Amino acid sequence: AGPRTAADVAVAVEAEVYKAVGKATGKAYQARCRSLASLLRAPRAAELRANVRAGRCSVEEFCGLRASDALISEQERARRQEKREREARAIEMLRSENAGEASDAYTCTECKGRRCALFHTNSMGAVHLTTVPDMIVQCLDCMHRFTI
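What comes next is a walk through the structure. Bear in mind that the values here come from a model prediction, so they are computed numbers and not experimental data.

1. Quick notes on the pattern of salt bridges
Side-chain pairing between opposite charges can occur once the charged atoms of the two side chains come close.
Consideration 1: One pass over the full model with this rule turns up 3 salt bridges.
Consideration 2: Of the charged contacts, one joins K19 and E16 as a salt bridge, the two residues approaching to 3.4 Å between their closest N and O atoms. Note that K19 and E16 are positioned in helix α1 (residues 6–20) at a spacing of 3 residues, about one turn of the helix.
Consideration 3: A salt bridge links R115 to D141, with the nearest nitrogen and oxygen atoms 2.8 Å apart. Here R115 is found in the loop between β1 (101–103) and β2 (116–120), whereas its partner D141 is found in the loop between β3 (135–139) and β4 (145–147), with 26 residues between them in sequence.
Consideration 4: Under the relative-accessibility criterion, R115 is labelled partly exposed at 47%.

Dropping the structure here:
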């Protein structure tokens, strides 16, 4: 799909929202339309506007976006992905170096299971490192991780 006029995009977006909220024009329809209009007016949404007009972002994709996801730049998205990968590597390093102590001393916050593996971190008593948890607990039932 090549470049489209703003009117064409508006008609397509309205039809998609109408379809998504169950073919009704009630409060949900109005709220979603206001939310999408606000999203398009945001100063940081220039790239999004261009992508929607050029057809690089389909109307279906656009209507499914949340504002918090849409306004994140590619650089920020890449930074967040890199952070997730770094955290996963840190867990794997802990796992390979220290297989973790099996314990039933903690309860998983997700599944309430009591089979957990404990991974101690080495913050070396540094009080100023408030972001370093003392221990990472991983539930052996659902694999959820949480810190203590």
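2. Overview of the nonpolar core
Consideration 1: The biggest cluster of nonpolar side chains holds 14 residues, and the ones touching the most others in it are V13, V17, L36, L48, V52, F62 and C63.
Consideration 2: Secondary structure elements with two or more residues in this core: α1, α2 (27–41), α3 (46–54) and α4 (59–64).
Consideration 3: Those residues within four positions of F62 in sequence are excluded, and the remaining contacts are V13, R32, L36, L39, L40, L48, V52 and C57.
Consideration 4: Of all hydrophobic cores here, the second largest spans 7 residues; its members include C108, C116, V137 and C139.

3. What about the pairing of β2?
Consideration 1: Most of β2 is tucked away, with 4 of its 5 residues classed as buried.
Consideration 2: Strand direction decides the pairing type here: β2 and β3, joined by 5 bridges, are antiparallel. Its bridge partner lying in β3, A117 is registered against Q138.

4. Structural notes on α2
Consideration 1: Over its 15 residues, α2 runs 21 Å from end to end, which matches the ideal 21 Å to within 8%, given 1.5 Å per residue.
Consideration 2: Taken together, the buried positions of α2 are occupied by Y29, L36 and L39. Seen from one end, α2 has its buried residues packed into an arc of 95°, which puts them on one side. Exposed residues on α2 whose side chains face more than 90 degrees from its buried face are K27, R34 and R41.

Here is what the cut-offs are and how they apply
Residues numbered from 1 in each chain as written. Predicted model: local features only at pLDDT ≥ 70, side-chain atom pairs only at ≥ 80, totals over all residues. Heavy atoms only, no water. Salt bridge = Lys/Arg side-chain N within 4 Å of Asp/Glu carboxyl O. Helix = DSSP H or I, 4+ residues; strand = E, 2+ residues; numbered from the N terminus. Buried < 20%, exposed > 50% of the residue type's maximum accessible area, 1.4 Å probe, protein only. Core = buried A, V, L, I, M, F, W, Y, C linked by side-chain atoms within 4.5 Å. Contact = heavy atoms within 4.5 Å. Pairing = 2+ DSSP bridges. Expected span 1.5 Å × (residues − 1). Arc of directions from axis to C-beta.

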